[in-house]
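Examination of the molecular architecture
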Amino acid sequence: MSEPSITRADCVLRDADDPLAPLRERFDLPAGVIYLDGNSLGARPRAALARAQEVVAREWGQDLIRSWNTAGWFDLPKRLGQRLAPLLGAQPSEVAVTDTTSLNLFKALAAAVRIQAEGPQSGRRVLVTERSNFPTDIYMAEGLAEWLGRGYRVRLVDSVEELPAAIDQECAVVMLTHVNYRTGYQHDMAALTRHAHRSGALIVWDLAHSAGAVPLDLNAAQADFAVGCTYKYLNGGPGSPAFIWVPQRHQARFAHPLTGWWSHARPFAMAHGFAPADGIGRALCGTQPVVSLALVECGLEIFEETSMDAVRAKSLALTDLFIDLVEATCAGHPLGLVTPREHARRGSQVGFTHPHGYAVMAALIARGVIGDYREPEIMRFGFTPLYTRFVDVWDAVAVLKDILDREDYDVAAERGAVT
Ligand SMILES: *Cc1c(COP(=O)(O)O)cnc(C)c1O
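Residues numbered from 1 in each chain as written. Predicted model: local features only at pLDDT ≥ 70, side-chain atom pairs only at ≥ 80, totals over all residues. Heavy atoms only, no water.

Another aspect to go through is unusual backbone geometry. That bond from Glu-375 to Pro-376 is cis: its omega, -10°, falls within 30 degrees of zero. Mapped onto the fold, Pro-376 is located in the loop between β12 (372–374) and β13 (378–382). For Asp-99, which is not glycine, the phi torsion reads 55° and is therefore positive. Tracing the backbone through its elements, the reader meets Asp-99 in the loop between β2 (95–97) and α5 (101–117). (Helix = DSSP H or I, 4+ residues; strand = E, 2+ residues; numbered from the N terminus.)

Across a sheet, strands are paired by hydrogen bonds formed along the backbone, either parallel or antiparallel in direction. The strand order across the open sheet formed by 4 strands is β9-β10-β13-β12, and the pairing between neighbours is antiparallel. With partners counted over all chains shown, the strands left at the sheet margins are β9 (336–337) and β12, one partner each. Relative to strand β10 (residues 349–353), β9 runs antiparallel, the two being bridged by 2 bridges. Across the sheet, residue Leu-337 finds its bridge partner in β10, namely Phe-352. In the packing of helix α13 (residues 357–366) onto the sheet, the strands contacted are β12 and β13, and the crossing angle to β13 comes to about 40°. (Pairing = 2+ DSSP bridges. Contact = heavy atoms within 4.5 Å. Axes fitted to C-alpha atoms, helices over the stretch in contact; angles between N-to-C directions.)

To continue, consider the UniProt feature "binding site: pyridoxal 5'-phosphate" (unreviewed entry) in the chain. Here the UniProt-annotated "binding site: pyridoxal 5'-phosphate" (unreviewed entry) positions come out as Thr-101, Ser-102, Phe-134, Pro-135, Thr-136, Asp-137, Thr-177, Asp-206, His-209, Tyr-231, Trp-261 and Thr-287. Of the residues just listed, which span 187 residues, the most distant C-alpha pair is 30.3 Å apart, and they do not cluster in one region. Tracing the chain through its elements places Phe-134 in the loop between β3 (126–130) and α6 (135–148). Exposure remark for Asp-206: the relative accessible area of 2% places this residue in the buried category. Other than its neighbours up to four places away in sequence, Asp-206 contacts Thr-101, Leu-105, Asp-137, Leu-176, Thr-177, His-178, Val-227 and Gly-228. (UniProt positions renumbered as here; feature names shortened; annotations may be inferred. Buried < 20%, exposed > 50% of the residue type's maximum accessible area, 1.4 Å probe, protein only.)

Once that is clear, we can look at the pattern of salt bridges. Across all of its chains, the model carries 30 salt bridges by this definition. A salt bridge links Arg-26 to Glu-305, with the nearest nitrogen and oxygen atoms 2.0 Å apart. Here Glu-305 lies in the loop between α11 (290–303) and α12 (308–329) and Arg-26 lies in the loop between α1 (8–17) and β1 (34–35), a separation of 279 residues in the sequence. For Arg-26, a relative accessible area of 28% corresponds to the partly exposed category. Overlapping salt bridges bring together Arg-51, Glu-54, Arg-58, Glu-59 and Asp-63 as one network. (Salt bridge = Lys/Arg side-chain N within 4 Å of Asp/Glu carboxyl O.)

Among the secondary structure elements, Thr-306 is positioned in the loop between α11 and α12. Linking Thr-306 and Leu-87, residues 219 residues apart in sequence, is a C-alpha distance of 11 Å. The residues touching Thr-306, leaving out its near neighbours within four places in the chain, are Leu-20, Leu-23, Val-311 and Leu-386.

Moving on: the site of the ligand. The environment of the ligand is formed by 13 residues, the closest being Ser-102, Asp-137, His-209, Tyr-231 and Lys-232. Contact with the protein chains hides 86% of the accessible area of the ligand, taken as 390 Å² for the molecule alone. Looking at the shell around the ligand, the elements that each hand over two or more residues are α5 and α6. Looking at the shell around the ligand residue by residue, the classes come out as 4 nonpolar, 6 polar and 3 charged. (Near = heavy atom within 4 Å. Areas by Shrake-Rupley, 256 points an atom, 1.4 Å probe, with all protein chains shown as cover. Nonpolar A, V, L, I, M, F, W, Y, C, P; charged D, E, K, R; others polar.)

This part is about the pairing of β3. For β3, the buried fraction is high: 5 of the 5 residues fall into the buried class. Side-chain alternation along β3 places Val-126, Val-128 and Glu-130 on one buried face and Leu-127 and Thr-129 on a second face that is also buried. Both β3 and strand β4 (residues 153–157) contribute to a ladder of 5 bridges, which runs parallel. Of the residues in β4, the one forming a bridge with Thr-129 is Leu-156. Read as a crossover between parallel neighbours, the route from β3 over α6 to β4 is right-handed. (Right-handed = clockwise from strand over helix to strand, strands pointing away.)

The UniProt record marks Lys-232 with the feature "modified residue: N6-(pyridoxal phosphate)lysine" (unreviewed entry), using the residue numbering of this structure. Along the chain, Lys-232 falls in the loop between β7 (225–228) and β8 (243–245). Assessed through its relative accessible area of 7%, Lys-232 is described here as buried. With residues near it in sequence (within four places) discarded, Lys-232 still touches Gly-38, Asn-39, Ser-40, Leu-41, Gly-42, Ala-208 and His-209.

Turning our eyes to something else, we now look at α5. Between its first and last C-alpha, α5 extends 24 Å over 17 residues, near the 24 Å set by a 1.5 Å rise per residue. Taking burial as the measure, the 17 residues of α5 include 14 buried ones, the bulk of the element. (Expected span 1.5 Å × (residues − 1).)

Moving on, we come to the packing of aromatic side chains. The geometry of an aromatic ring pair comes down to the distance between the two centres and the angle between the two planes. This model, assessed by the stated rule, comprises 13 aromatic pairs. Judged by centre distance (5.3 Å) and plane angle (90°), the rings of Trp-68 and Trp-73 are edge-to-face. Assessed through its relative accessible area of 8%, Trp-73 is described here as buried. Taking 5.3 Å as the distance between ring centres and 85° as the angle between the ring planes, the aromatic pair formed by Tyr-358 and Tyr-373 counts as edge-to-face. Of this pair, Tyr-358 sits in helix α13 while Tyr-373 sits in strand β12, placing them 15 residues apart in sequence. Overall, the relative accessible area of 5% leaves Tyr-373 in the buried class. (Phe/Tyr/Trp six-rings, centres within 6.5 Å; stacked < 30°, edge-to-face > 60°.)

Written as structure tokens, this is what we have:
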């Protein structure tokens, strides 16, 4: 076993030098906890508590229904979309914050299928995605394919190497998650988008583990549609509404079957017959969960004080440090790195397999190091540069080493409903 070449004191110095360090104060983190699960549920921005009080006590309590106009509730999905757009490489008019990632994926896929079928390469019926994709993405695609009938089906691809060939003359739409939820593998968005277009398909990107985690440039990549979560790296709060990106060039043709009144051109005309709104408004469906939606702003505000390049530089430094420390100090244990070492292929999370991964993660959480567990055997650690310190990485690895060295975990531990 080799000694790590970096000491805890080095980590303290790196934190002192870190331009993002002051942003940690913008979050309310519980004492005694090292939080490495911002990839599942981001920590709470301090401002969210006052904002929640304002929305509930004043806007709802005092102003009542007037708040749809006076507090800007009605425009909130678009206003938040404008603030989120720079993090995605999108125009302000191209993003809405609304509904769930699963629902937005359904809308985007439905629109993509229609646009592709109306183009010169019509007659294709295959939706291509990866078997390792987050299950809800596959379920939604399969649900849509079954609903469409007429031979529509989902093709699951088993490896990144097989993807290009699977995007063939039968493929209508490609749906990929940019950063894999388990391994943290990051696709080359521009290259795969180019490949999909050359073969006559459209492409939908799921940015659940990318938005706020890695720099994105949807317009430079000429992607077709994108969706993602706000409760992960964007720190919007538990179950906060998701986002959908529809580029200007597709907006006039963007059509989906969830034609609720919020996607109508004049919702309060209460007219007979659906007429879609112009622009990104047509990506909405029904009334939004305003309290939850309002808190998304508190997470986005913090990103406006830095840049995604700065976030990315620290993210790579944190994940490099974590990988190096685990490999140097836990070398005798059966750990397997599932995350790419190559920077360009890595998101902001690191996964290690262990035969007792679930039990080891439970022991870590019991000692205040919160990551999570994903089948099979994967302990997942998310690194949020806005509030994770280098010294946190050091301390987390020290706890992991201690648990492994002493086999201080309970293999028979019962599992909660959510891992
Ligand atoms: C987290 C995540 C989701 C979650 O979808 P919801 O509809 O918000 O529950 C979907 N897809 C991917 C790839 C995710 O990582």
